[in-house]
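Per-entry structural report
Below are the chains, spelled out letter by letter.
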Amino acid sequence: MTVPPVKGFSKLSKEDKIDWLASHYFSNPDEGISLLKKYWNHDAKLQQLHDEFIENTITNFYVPLGVAPNFLINGQNYTIPMAIEESSVVAAASKAAKFWMERGGFKTEVLGTEKIGQVHFIYQGHKKRLQKFFTAIKPKLFSAASHITKNMEKRGGGITGIELIDKTGELPGYFQLHSTFETLDAMGANFINSCLEQFAATFKEEAVGWDGFDDAEKDIEIVMSILSNYVPNCVVRASVSCPVKDLDEDRELTPGSFAEKFVRAVDIARVEPHRAVTHNKGIMNGIDAVVLATGNDFRAVEAGIHAYASKNGKYTSLTKAWIEEDTFHFSIEIPLALGTVGGLTSLHPLVRLSLEILDNPSAKDLMQIAAVAGLAQNFAAIRSLITTGIQKGHMKMHLMNILNQLEATEEEKNYMASYFKNKTVTHSDVIKVYEAHKRKQP
Ligand code: MEV
């Protein structure tokens, strides 16, 4: 089916957009339209808020918001909100939280909060002249941005540095104004990008009037001004440790064998990129869920964290595990540029509530909480992988999804849950047992 191009789509009303979609794409237009409308919020104001987050909104797309309680972090107890669709993630986080609460909890530390942005430009002249020009006008770059930085500076943040970087070895004529920022509790994307665009404008303007350049050198080409989501100096560490003998909850392995096998599993992810990607994906199950629930940009976080995982030239595990003098240690170190003010954090009512559940954390607090969620998730995954295997817990949680697909009644769900209580769930067994149970029904 070829659908003709549509003009002025964004200007149509929501209803007209839906009608257009239904007439061109839906096999059953009435059903499709009614499904989209079923997901509209009955509170018109709340719906309008969501409609206006993006362009061409047609409905809402639900993701469950769950909570994982009993996270002891630096001696304080947290309940962590998690927005995620994957069945086993919140259950695994809660289990790991409880396990470590009984063994001293999580310890965390913020190692840095520096954000980065760059003006990328092309200059084809003498390098020394450019360096001289940059040194002379650098104070002007700061002062020209003062209308943007004023409020941030009052709170103790602002621009912390601007450097001229020569990249001509990588691309002819390519230089950067590499800038660093402290954005406190804001993620800071708008602040940083506004500063950078101001730097670019001032830099170009000043070059035109600079006597030390010839005419060609005055013509600096600004290619783009944008923050970097790679923030290797905006880093948090979270860790747990306990005597090896206290790793005593798994019947399959003795505490000593558990600790050794656990360390081996993490070491495999440290040396083997295929495993490292899946290992880190499990970590991101926890981190993304917190990042999403607290209204932060999970794409930015994902991009930055995976770049960090390859910072030494080979993709590796974000966590480390080791045994030292009969103590088991497990830790994570990740970059996280998060905000707890501005953006979606003040707009989305559920984000505000999630932050309230976390006792209205600062950005630094939230970095620590998200890192803990990642470490807990990784602990839970490896613990399952080296003992029962991942499918037992995963499929137990997935059972409800299968039953919902089968349109099972409440009675059938209860029967199935108790039938599989102590059995491994497989898709084919669920179907078999479900059908047999249905046949027995009057
Ligand atoms: C599944 O979402 C995540 C895991 O594959 C992570 C891992 O293998 O460590 C279980």
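About the thresholds
- Residues numbered from 1 in each chain as written.
- Predicted model: local features only at pLDDT ≥ 70, side-chain atom pairs only at ≥ 80, totals over all residues.
- Heavy atoms only, no water.
- Axes fitted to C-alpha atoms, helices over the stretch in contact; angles between N-to-C directions.
- Helix = DSSP H or I, 4+ residues; strand = E, 2+ residues; numbered from the N terminus.
- Parallel < 35°, antiparallel > 145°, perpendicular 65-115°, else oblique.
- Contact = heavy atoms within 4.5 Å.
- Nonpolar A, V, L, I, M, F, W, Y, C, P; charged D, E, K, R; others polar.
- Pairing = 2+ DSSP bridges.
- Patch = residues over 30% accessible without salt bridge, like charges linked within 9 Å, V, L, I, M, F, W, Y side chains within 5 Å.
- Areas by Shrake-Rupley, 256 points an atom, 1.4 Å probe, with all protein chains shown as cover.
- Salt bridge = Lys/Arg side-chain N within 4 Å of Asp/Glu carboxyl O.
- Expected span 1.5 Å × (residues − 1).
- Buried < 20%, exposed > 50% of the residue type's maximum accessible area, 1.4 Å probe, protein only.
- 1 Å grid on protein atoms, 1.4 Å probe; cavity = no way out; pocket = protein on both sides within 12 Å on 5 of 7 lines; lining within 4 Å.
- Points joined across faces, edges and corners; volume = space filled by probe spheres on them.
- Domains from an automatic or database assignment.
- Near = heavy atom within 4 Å.
- Polar contact = N/O pair within 3.5 Å; in protein donor to acceptor, adjacent residues only side chain to side chain.
- Phe/Tyr/Trp six-rings, centres within 6.5 Å; stacked < 30°, edge-to-face > 60°.

1. Considering the packing of helix H4 (residues 89-101) against helix H14 (residues 363-386)
Look at H4 against H14: their axes get within 8 Å of each other, and the N-to-C directions meet at 95°. By the angle between their axes, H4 is roughly perpendicular relative to H14. Side by side, H4 and H14 meet where Val 89, Ala 92, Ala 93, Ala 96, Phe 99 and Trp 100 of the first sit next to Ala 376, Gln 377, Phe 379, Ala 380 and Arg 383 of the second. Of the residues contributing to the contact of H4 with H14, the split by class is nine nonpolar, one polar and one charged.

2. Re the sheet that holds strand S7 (residues 221-228)
Spatially, four strands are ordered S5-S6-S4-S7 in an open sheet, and the strand pairing comes out antiparallel. This sheet does not close on itself; its edge strands, each paired only once, are strand S5 (158-166) and S7. Across the sheet, the mean angle from the axis of one strand to that of its neighbour is 15°, orientation sign disregarded. In this fold helix H7 (residues 189-208) packs onto strand S4 (115-122), S5, strand S6 (174-182) and S7, with an angle of close to 160° to the strand it touches most, S7.

3. Remarks on a nonpolar patch on the surface
The grouping of Leu 35, Tyr 39 and Tyr 62 at the surface amounts to a nonpolar patch, some 320 Å² of accessible area in total. If you trace the backbone, Tyr 62 turns up in the loop between helix H3 (44-51) and strand S1 (65-73).

4. What to know about H14
Given a rise of 1.5 Å per residue, 24 residues ought to cover 34 Å, and the 35 Å separating the end C-alpha atoms of H14 matches this to within 8%. Within H14, 19 of the 24 residues are buried, which leaves it mostly tucked inside the rest of the structure.

5. What to know about empty space enclosed by the protein
In total, this model carries one cavity of 30 Å³ or more according to the counting rule given. By volume, the largest cavity amounts to about 110 Å³. Broken down by secondary-structure element, the contributors of at least two residues to the lining of the largest cavity are S4, S7 and helix H11 (298-309). Grouping the constituent residues of the lining of the largest cavity by class yields eleven nonpolar, three polar and one charged. Here the lining of the largest cavity spans two domains, and each of domain 2 (66-111 + 234-387) and domain 3 (115-228) adds at least three residues to it.

6. Description of unusual backbone geometry
As a rule of thumb, non-glycine residues mostly have phi less than zero, and peptide bonds are mostly trans rather than cis. Of note in this structure, Leu 184 is not a glycine but carries a positive phi near 55°. Looking at where Leu 184 falls in the secondary structure, it is placed in the loop between S6 and H7. Backbone geometry at Asp 326 places phi at a positive 60°, although glycine is not the residue there. By the secondary structure assignment, Asp 326 is in the loop between strand S9 (319-324) and strand S10 (327-335). Judged by relative accessible area, which is 62%, Asp 326 ranks as exposed.

7. Some words on the domain arrangement of the chain
Assigned domains within the chain: domain 1 (1-62), domain 2 (66-111 + 234-387), domain 3 (115-228) and domain 4 (394-440). Summarising the inter-unit geometry, the C-alpha centres of domain 1 and domain 4 are found 35 Å apart.

8. Some thoughts on the site of the ligand
Lining the immediate surroundings of the ligand are Glu 86, Arg 275, Thr 278, His 279, Lys 281, Gly 282, Asn 285, Ala 381, Leu 385 and Ile 390. Contact between the ligand and Arg 275: an oxygen atom at 2.8 Å from a side-chain N or O atom of the residue. Put simply, the parts of the chain that give the shell around the ligand at least two residues each are helix H10 (273-293) and H14. Looking at which element gives the most residues to the shell around the ligand, the answer is H10, with six residues. Here the shell around the ligand is built from residues that sort into three nonpolar, four polar and three charged.

9. Quick look at the side chain of Thr 149
One can find Thr 149 in helix H6 (residues 146-154). Each residue touching Thr 149, except ones within four places of it in the same chain, is listed here: Ile 159, Phe 191 and Cys 195.

10. Topic: the environment of Ala 200
Structurally, the position occupied by Ala 200 is in helix H7. Distance from Ala 200 to Tyr 174, taken between C-alpha atoms, is 14 Å for residues 26 residues apart in sequence. Contact partners of Ala 200, with chain neighbours within four places excluded, come to Val 119, Ile 222 and Ser 225.

11. What to know about the packing of aromatic side chains
Taken as a whole, this structure holds 26 aromatic pairs when the rule is applied. Their ring planes at 40° and their centres at 5.7 Å tell us that Phe 71 and Phe 106 sit as a pair that is tilted. With Phe 71 in strand S1 and Phe 106 in the loop between H4 and strand S3 (107-110), the pair connects residues that are 35 residues apart, well separated along the chain. As far as burial versus exposure is concerned, Phe 71 and Phe 106 are alike and both buried. On the basis of an interplanar angle of 10° and a centroid distance of 6.5 Å, the ring pair of Phe 181 and Phe 199 is categorised as stacked. A residue pair is termed long-range when its members are at least 10 positions apart, and Phe 181 in strand S6 and Phe 199 in helix H7 qualify at 18 residues. Take Phe 181: its relative accessible area is 1%, and that puts it in the buried class. For Phe 199, a relative accessible area of 0% puts it in the buried group. Grouped by ring-pair contacts, the aromatic residues Phe 99, Trp 100, Phe 258, Phe 262, Phe 328, Phe 330 and Phe 379 constitute a single cluster.

12. A word on the pattern of salt bridges
Under the defined criterion, the tally for this structure stands at 21 salt bridges. Ionic pairing is found between Arg 103 and Asp 248, a salt bridge with its closest N-O pair at 3.0 Å. One end of the pair, Arg 103, is in the loop between H4 and S3; the other, Asp 248, is in the loop between strand S8 (235-243) and helix H9 (255-271), and 145 residues separate them in sequence. Residue class for Asp 248 comes out partly exposed when judged on its relative accessible area of 48%. The salt bridge involving Asp 166 is made with Lys 127; its shortest N-O contact spans 3.1 Å.

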